[in-house]
Each structure stands twice: as structure tokens, then as C-alpha cells.
Amino acid sequence: MYEFAYHRPSSLADAAKLILEAGDNGKLMAGGQTLIPTMKQRLASPGTVVDLGALKDLAGIKVEGNAVAIGATTTHAAVAASKDVQAKIKALAELAEGIGDRQVRHLGTIGGSIANNDPAADYPAAVLGLGATITTNQRKIAADEFFKGLFETALKPGEIITAVGFPVPEKAAYMKFRNPASRYAIVGVFVAKTAGGVRVAVTGAGQGGVFRVPDMEKALAGNFSAKAIEGVKVAATSLNADIHASAEYRAHLIGVMARRAVTAAG
Amino acid sequence: MAPNDTGIGASVRRREDYRFLTGQGTYTDDINRPNQTYAWIVRSPHAHATIKSVDTKAAKAAPGVIAVYTGEDFKAINGLPCGWLVHSRDGKPMIEPKHPILAHGKVRHVGDPVAVVIAETKAQARDAAEKIAIDYAALPAAGDMKAALAPGAKPVHDEAPGNLCFDWELGDKAATDAAFSKAARVVKLDLVNNRLVPNAMEPRAAIGEYDRATGEHTLYTTSQNPHVIRLLMGAFVLGLPEHKLRVVAPDVGGGFGSKIYHYAEEAIVTWASKQVGRPIKWTAERSESFMSDAHGRDHVTHAELALDKDGKFLGFKSETLANMGGYLSTFAPCIPTYLHGTLLAGNYATPAIWTNVKAVFTNTVPVDAYRGAGRPEATFILERIIDKAARELKMDPAELRRRNYIKPEQFPYQTPVALVYDTGNYHATLDQVLKLSDAAGYEKRKAESKARGKLRGRGIASYIEACGIAPSNVVGSLGARAGLYEAANVRVNPTGNVTVFTGSHAHGQGHETTFAQVVSTMLGIPMDQVEISHGDTNRVPFGMGTYGSRSIAVGGTAIVKALDKIIAKGKKIAAHLMEAAEADIEFKDGKFTVAGTDKSTPFGAVALAAYVPHKYPLETLEPGLDETAFYDPKNFTFPAGSYVCEVEVDPETGVVEVQSFAAADDFGRLINPMIVEGQVHGGLGQGIGQALLETCVYDKDGQLQTGSYMDYTMPRADDLPSFKVAHSVTACTHNPLGVKGCGEAGAIGAPPTVINAVIDALSEYGVTHLDMPATPHRVWQAIQAAQPAKR
């Protein structure tokens, strides 16, 4: 780890000011479960770290009408254990329970995860699959507008995620095929039947990060069953390939995981 | 507690675990010496490159820096020695290039140490290391053996133009060819034994310290054999005499072979601590472990098995390429030869065997012994080809094995590949494992899996290993540059408690418990009056250390021999105390008794008399009760067994789940059955890891693709089933405890067992072979490659 300036502001306004001042050299830190290991490995070397840990208002879960709002610094463990999330969007609680390991789940946060937009992270699949809305200190951003590619999002300098609002779906499920070594998603598919239609979002597989599968969504809109998407193939051309899985294998697994998710959603 | 509750055969809880589990162990990195400094090693990012220049000026001027050394500083110092000389079949010695402490002129693998920075803190050393400017000119690299052997490949060492280190053979080729010419069937198989990273939980560490007043060096290091390091580093590298060099290997957190060898960092901190006049600590980061700990396995083999019409084995031959990596590690040449070729008879009475092993230099980390070392490779070849033969013959694989086993009445059995097996009963372990694994219920379970859309497969394998390494005259004739005896010193203290100094080294095995049980039983004293001490060349008389499942068979026997001397001397003292003839003294249950009388003296009274010799035969006997013994084994020991595994394959994803695993082993007599079971569990974990999860991957440029746990799959608890373990006993015939060793068995027997099960599950697709690890991706590809009609 290199030397860096550390701030732990007590207001959102201060946090925004500090991170703006730090410019490209600054990093916001929520749970730090990605940032700290990469800093320790000297792969990341921010000059300034702004820790959001003192902003207690950013953590918490609220049911608001037909939506669940989760504060940006709510840990994965809190989401997994939340009776409200379990009752309203069981698939989301289960997804949170399957992130990383116990230590990561008790420090890692939903805001940190989606702001980082790791192409193999789980939360982006839920945010996109449920058509969630991301609230920041400046505006509201629809999930479809938020994820912009590998580790890239629509967030502007000085913009801090405060909450993520998930509409309660009629049915939903997440199926993850884990990388045997890291246990990140090689392919993770989130399927949801919502008031706004059926959504299928895939993480782990795309060269550009999380993406939707319109052909599956169309097929499921008419018939929400595993059988309906049996014939739907996802092209391997824009998928990742590495020593653990070829693009063809990932394409195949998207089909398998999607069918299993639909079945699990019931 | 009475001795019989803690003696030989009792599952005593591991006494060392209290300090390990409460965080009170003393590992090398826990040791801090006064005025200590820290080393950071600069390692090559290239697999193969010429070093054009190294500029250390900025690093030397950086904050906190005390010294910077490069290959130039070590130019006149010997390289790391190789402990085993193998001769090629044409009689020429292996090519043995220098293995510099710090690379000079050229780097030969990613991670090759190039420079070292010594600073006040580790962070300062690391910061300064980034200021060293090294100008490399990259050379074409050989990331694997195929590339290294390709015509025109750039030599890793100029001394070895075709990258061949040696070309070795064992067995009677003419007799084997003759056997093949009479065969009713020849089964052929090409296979890969995948390269593994050892991954001990504790990364390697070393502290060098020099005492100007006495001229003594001390090295604290994560070693499985501190005396061996003292000899190799002292005599062969730095020219330090033994009496001025102390090597301490305190608590060590796992080794699996990787901490046998003498590594550059040990020599660096020892040498440099004298230069800077302060102690120097180096502790590996995990990513350094991946690129600097010696790796294991990495064989490519073509094998053939000749059978008669009844399935009797007539002959076996194999040709293997063995990866040595960029340099020869301490025992590297003996692994694919004398620990692999000699095991190719397996458990079978195959009359003719021939094998050829070509050792190859590549631009990868050196390869050496890893749990099992050569024996897993031999077992994998045999047990896979036998399984393939059974499939081709449509014969029950258990029956084919049974038909070819060496029979109990054939022992001692001379194999065609040099070894003499003293004892065993392979039919017994096979019968035991079939029962243990509920072979009878298999078809029902298979149908039940099928109903859930899963393919169930069942695999069986037998194994034998040569442990209790090793008779010094035998290994000496085969090229070992050291003896392989063991030493022990039993010090009976004046009040009758006992300290044992053993040359064995525990790094997780539980010696402090097992050895204490032996002492407790033999002396008839409670176990809590026995302390086992190891790991310090200034305390232990000598030692060859722990590897090759040798500790109980060789180290344990050395303790027994020293105890025999203690008892013999004790009888003399007791005879004097009781005014009886020495020949009439019996020792049993902690008491010296005059035979046929009720006169007795307890062990403690004899100990006290030895140290307070008021009533003592001083004219004929020295005071004190302290004896040392060296034991050189007469033969290897031969643990053997049979394993059965059942797997379920998900045909949609290719995921393999181990449903059950049953192991029936014959380790000879067991001292502590619980510890033995733990050793089996650990070995099976690593063996299943090799079969399904672990593999070290280099790309074609020699870059390490699996340099962290993000890409290198370690087995986790949820990858493993709950094991069923059973034992049968044929006692070793040539050591007093009748023990054979148990540390490596699981890692040897598990890989072919698991792969045979996976192949069985995939047999309906016509799949006949899969290389390890059988990852979901690889299994899915095999299913895709199968004929569409079968899918």
C-alpha cells in the first residue's frame, strides 16, 4: 500500500466536496472489500480515500409502497438477513447471501458493489434484472442507464450513491455458476417478472459487463417457463473467455442458468 | 491418565493444537530479533530474458534503505545445490547448470530473484525496490515442455542446448518388448499429470542474524529439515562451518514438500545479515509463494499395458516427460526417476516393466517433491490404464485388479523395477473398501441419480507407495548426495521426566503427540511427562527431517533405538540399586523388577540415581541417563490400499460432485488412529483437489496464469464429501514398531479414483479419458465432443 490521505466525513455534502477536490486521484470507500485488497497489492494507488463509514443515514432498508429501498452502505449480510427483503424480494436476499464470503458480506455494501461495477459481481444482475433505480446525491438513475461497461458507470465526479430502489416483482430468481477458484460469477442470471414486464440480466459473462437478453425476455413474456427459452441461444461473440470458461461455455451456461432461474422463480 | 489411555494405539488428542488453535504458535514471522531489518526481493516479470543492466542508485538513496544487492554481489558465491545426481541411459551425468542465488546475466522464470533491498521497514524496502531500474531484453520462452523440446527452442541454459536435463530408463526393455509381442491385448493411454502449486498455509519466511562477537550465524526458516539446510547452505553455498551456523525451524505451517528445499532467500538473509550487521527478516507475500515455492507434478506420459486373454498383465511400459522448471531444485531429479519409475509395478505381479523418463528444462518455477512426489504420478498412470483395460475387456475393474495383485504369500516380493516389497495384503484392502463403499448398493444409487438428471459414476483405484525414506546405501547408489537415516536423543531428566530431541520435523503432522505416545508406552510413564523437541540444530543432535512419510518409520524408530539404550542402562542401574544381577532385571510398566521376585524399582528412582549417583556403579558406568541413536532403515516401507469414489456429473453444466469417498489403507501398525485418519483426510483433500480443481497454468510466453486464489482453485470443505476411512494391518517387517507411514497415501490414491469415477459417469458418451483437473468446463467440452447421437 502506498501513502494516501484518508478522510471520514460526517456529512454527505462534505463527502461530495472532498471527493470532488481529490479529482481523478480520489476514491470513495464504502465497505472497502475491493479497494483495500487492490491497494494492498499496489494495483490501486489513490492519493485520497474518502470513507463513507460515518454516514449512518446511508445504511438501512425500507419498504416504500411496492418497492424496497436499500441504503447505499447497507452490507450484503444485512440485506440477506432482512425480513423485509426476504418477504418482498426473496431472490435479492438470496443473491446477497451468496456474495463472497462471510467477512466480505459483513463489510461489503450494495452501493460499493454497483459503483465498482465488477463484471463478475452479483448485484449488477439484480439491479438490472429488477429494473431498479439508483438514487445519488444529485439525481435518480434508471438501471438501464447506469451500467456503462467494465468498471464504468453513469456516476459523475462528486456523485455518491445514496440508495437503490427495487420494485417488488411478481416472481424472481438468481442463479449463479461460480468460478471454481474465485467463486465470482462465471455466469449469473437474474430473471424477474415485474409489473413492467419480464427482465433477464446476465452478469459474469459479458465483455462489457452486465447485460439484458431481449430474446429471452420476449419468450418469457408470453410464457414464463423454462421451456419457453429452451431454444433461445445467446451468441458467444461478445462474451468473455478465460482459463476457466470459453465464450461458448458461457453462452451455454447463460441458457442453463436462465432456465434454472425461471424454474426457481416458480 | 494411565499410560494405556495415551499409549500406542490410543487416539489421543493432539497436544500441539492448543497453541496452534489459540494463536500461540511461534512461526518464523512471529520471531522478531533486536534491531531487525526487512528484505524485499525484486523478482523477474519475464519468463526468459537477458539482464542488460541493473541500476540501484535511486533505490539505495530511498528512505530507510540500508543496502541493495544484485546478482553481481553474488557472482562469486556458489549457486543453490542439487542433492541428487541422476545418470542418463547412455551413462552421462545429468546436466546440472548453476542456480544463482540472485540471477546474473539472465532470468529463467517469472519470479526468479534479481535483487534484494534491505530497509528499516518492509514498506520502505518495497518502495525502494520499485526504484530499481532493470533493463531486460526478452528472449523466447518455453512455458511448457512441448515448447522447450521444439526444434530451435531457445535453451533455458546454454549447457543444455535441447533443454534436456537427462534421459533415464529403468527396467528390462528387451523382456518388456518380448512380453508385448505375446500379448492378446495392448491398452494405450496418453495422459498428463497436472502441475500443482503447493500452497502451504504459512508462506515461506527467513530471518538471518549474525553475531559479531562469536562469529555465529543463525537462520530462522520455514523448513521441513533444518539440519539439511545447515549442510546445504553452510557447506555448499556460503562456506559456513556447521559449528558456526545454527538453523532453527520453529512451528511451521504446512510444507507438503515445498519446505524441504534450500531456497535463495535463506542464503540471502544469512549472507546479507553479516554485511549489514543487523538481523534481516524476509516473509513471502502469497503471490511470491505462487512464483517461488517449488511446484509439483507436471508429467506428460505415454503408457502401454500388455495383457493375455484372461486379463493377466504381461508387461507395462511408459515414456514420460518430466518438467524440471528453470533450475534444478534440491531433490528434483529423483522425483520422476527413483520415486516414480520404481513404483510402476504398483500392487501388481506384472513380470516385465520398462520406463523412460526425460527431464526437461522450461521457463517455469522449479518443480520438486509435492505430497506423494513421483508416487502419485506412477499410481495415476497405472490405475488409469488398468481402468481403461477393464473397460475395453468389459471386466469388473475390481476383478481385473484382484486377478493381478501380488498375492499375500508372495512377500517379500521383488518387483522388476528395483524395489522389494516386504509385506502387504492388497486383496484385504480391496475387500474392505468394496464393503465400506457399499458396492452392492451402487446400481440403486445410480438409478436414483439418473432420475434426478445426473450421471453417476464409480471409480476404484489401488495404490502402493515407497515410504520410510530411505536406506542410505541404496539411495547413495542411486545418486543421492546425502544419507537418509534419522537421529534421536532421549534425555531422561533427574526426576524421571523425559525430553526427546528428534531429527524429524513437524509442520502439522502431530509428532509431539505421536512420538510422546511411543515414549510413554515404552517407558511406562504418563505422556505428560514427555516433551518432544525438534527444529533447532543447536538442540537436536542431527536430523534429515520430514518428507516421504518417513517420520514414524525412520524418526520414530530412532527414538525407539535411543529408548532401548535408556532401558538397557536403566537395567544396569536398577541391578546395582537392588543388588541383583543385571541379567535378572526386567523392565515393564515403568518398573525395573528382579525376575521372579516382587522386588522392583520405579523408572523415576533409576533416573534419580543416574543423576545423584550416591549408590551407583561408578567404576563401570557413567552417571546420567541420556542416549542418542541414529537409525538407518533396512528397506523402504510400503503402505498400500484401495479407494472407491462415487461422483455425480451434471450433464448440463459439466459440474462433478464427489458423492462419497471410501479409503481402505494398510499403514502397518497405527500409533494414533485419529491422527492417521486426519492425515488420510488431508491427503484425500489434496488428491481430490488435483483431480477436480487444482492446476497451475503458464501461457505460451511463460507467464503464470494462476498466480493467486482468484485463478488457482484450492479445495474447500464444500468440495469434499465426508470420508469413510478404514484400516487393515500388515506390520512392517523391518522396523520395531511395525509402522509404514501415512502422510501421502490420500494424495496418491485419490486422483485416479476420482478420474476413474468421472470417466465411468461419462462412459455413456463414449468418453474414455479426461486430463486433470476435471473442471466443469473440461467435462462439458468432453460431452460436447461426444457423438451427437449419444448426447
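The structure presented is a predicted model; accordingly, all values stated were derived computationally and were not measured.

## Here we look at the packing of helix H10 (residues 375–393) of chain B against helix H11 (residues 397–404) of chain B
All names here are of chain B.
Piece 1. The N-to-C vectors of H10 and H11 enclose an angle of 115 degrees; their axes lie 9 Å apart at closest approach. The orientation of H10 with respect to H11, classified from their angle, is roughly perpendicular. Where H10 crosses over H11, the two elements pack in a sense that is right-handed. Facing H10, whose interface residues are Glu383, Ile386, Asp387, Ala389, Ala390 and Leu393, H11 presents Pro397, Leu400 and Arg401.
Piece 2. Split into classes, the residues belonging to the contact of H10 with H11 amount to six nonpolar, no polar and three charged.

## Observations concerning the interface of chain A and chain B
By convention, interface size is frequently given as the accessible area that disappears when the constituent parts associate.
Piece 1. Listed by partner, the interface residues are 23 residues for chain A and 22 residues for chain B.
Piece 2. Of the roughly 1800 Å² buried where chain A meets chain B, counting both sides, 49% is carbon and sulfur surface.
Piece 3. Taken together, chain A and chain B are joined by seven salt bridges.
Piece 4. Note that Arg260 of chain A and Glu652 of chain B form a salt bridge whose closest N and O atoms lie 2.9 Å from each other.
Piece 5. Applying the counting criterion to the chain A and chain B interface returns 17 residue pairs in polar contact (both at pLDDT 80 or more).
Piece 6. For the side of chain A that touches chain B, the leading source of residues is helix H11 (residues 247–265) of chain A, giving eight residues.
Piece 7. In terms of residue class, the side of chain A that touches chain B is built from eleven nonpolar, six polar and six charged.

## Quick notes on the pairing of strand E12 (residues 280–283) of chain B
Residues and elements named next belong to chain B.
Piece 1. Side chains Ile280 and Trp282 project from E12 onto one buried face, and the interleaved Lys281 and Thr283 project onto a second face that is buried too.
Piece 2. Where strand E1 (residues 37–43) and E12 come together, two bridges link them in parallel fashion. By the bridge assignment, Tyr38 is partnered in E12 with Lys281.
Piece 3. Inspection of the sheet shows strand E9 (residues 205–211) paired to E12 by four bridges, in the antiparallel sense. Note that in E12 the partner of Gly208 across the bridge is Ile280.

## Brief notes about the pairing of strand E6 (residues 133–136) of chain A
All names here are of chain A.
Piece 1. With three bridges connecting them, E6 and strand E7 (residues 140–142) associate as antiparallel partners. For Thr135, the partnering residue across the bridge sits in E7 and is Lys140.
Piece 2. Linkage of E6 to E7, two consecutive antiparallel strands, is achieved through a turn of three residues.
Piece 3. Sheet topology note: the E6/strand E10 (residues 161–167) ladder contains four bridges and is antiparallel. Each residue of the ladder has a partner; that of Thr136, found in E10, is Ile161.

## What about the sheet that holds strand E15 (residues 352–361) of chain B?
Residues and elements named next belong to chain B.
Piece 1. Reading across the sheet, the five strands line up as E7-E15-E14-E13-E8 and stay open at both edges, with mixed pairing between neighbours. Two strands lie at the open edges of the sheet, namely strand E7 (164–171) and strand E8 (185–193), each paired on one side alone. Pairwise comparison of adjacent strand axes, ignoring direction, gives a mean angle of 10 degrees for this sheet.
Piece 2. Relative to strand E13 (residues 299–307), E8 runs antiparallel, the two being bridged by nine bridges. Note on E13: the bridge partner recorded for Val192 is Val300.

## Observations concerning the domain arrangement of chain B
All names here are of chain B.
Piece 1. You can read the domains of chain B as domain 1 (3–24 + 485–631), domain 2 (31–139 + 201–254 + 259–292) and domain 3 (299–469 + 635–790).
Piece 2. If you average the C-alpha positions of domain 2 and of domain 3, the two centres end up 36 Å apart.
Piece 3. Taken residue by residue, the interface counts 31 residues in domain 2 and 31 residues in domain 3.
Piece 4. When domain 2 packs against domain 3, close to 2400 Å² is buried across both sides, 66% of that on carbon and sulfur atoms.
Piece 5. Between domain 2 and domain 3 we count zero salt bridges in total.

## Comments concerning the environment of Gly98 of chain A
All names here are of chain A.
Piece 1. Position of Gly98 among the secondary structure elements: in the loop between helix H5 (90–97) and helix H6 (102–107).
Piece 2. Considering only alpha carbons, one finds Gly98 and Arg183, 85 residues apart in sequence, at a separation of 9.5 Å.
Piece 3. In this structure Gly98 touches Asp122, Lys176 and Arg178, once residues within four positions along its chain are discounted.

## Section: unusual backbone geometry
Piece 1. Along the chain, Ile469 of chain B connects to Ala470 of chain B via a cis peptide bond; the corresponding omega equals -5 degrees.
Piece 2. Topologically, Ala470 of chain B is positioned in the loop between strand E18 (455–464) and helix H14 (472–477).
Piece 3. For Arg183 of chain A, which is not glycine, the phi dihedral falls at a positive 65 degrees.
Piece 4. Examined against the element boundaries, Arg183 of chain A turns out to sit in the loop between strand E11 (171–178) and strand E12 (185–194).
Piece 5. Backbone geometry at Lys394 of chain B places phi at a positive 55 degrees, although glycine is not the residue there.
Piece 6. Looking at the element boundaries, Lys394 of chain B is found in the loop between H10 and H11.

Cut-offs and rules
Residues numbered from 1 in each chain as written. Chains lettered and ligands numbered in written order. Predicted model: local features only at pLDDT ≥ 70, side-chain atom pairs only at ≥ 80, totals over all residues. Heavy atoms only, no water. Axes fitted to C-alpha atoms, helices over the stretch in contact; angles between N-to-C directions. Helix = DSSP H or I, 4+ residues; strand = E, 2+ residues; numbered from the N terminus. Parallel < 35°, antiparallel > 145°, perpendicular 65-115°, else oblique. Left-handed = near helix turned anticlockwise from the far one by under 90°. Contact = heavy atoms within 4.5 Å. Nonpolar A, V, L, I, M, F, W, Y, C, P; charged D, E, K, R; others polar. Buried area = accessible area lost by both parts, 1.4 Å probe. Salt bridge = Lys/Arg side-chain N within 4 Å of Asp/Glu carboxyl O. Polar contact = N/O pair within 3.5 Å; in protein donor to acceptor, adjacent residues only side chain to side chain. Buried < 20%, exposed > 50% of the residue type's maximum accessible area, 1.4 Å probe, protein only. Pairing = 2+ DSSP bridges. Domains from an automatic or database assignment.

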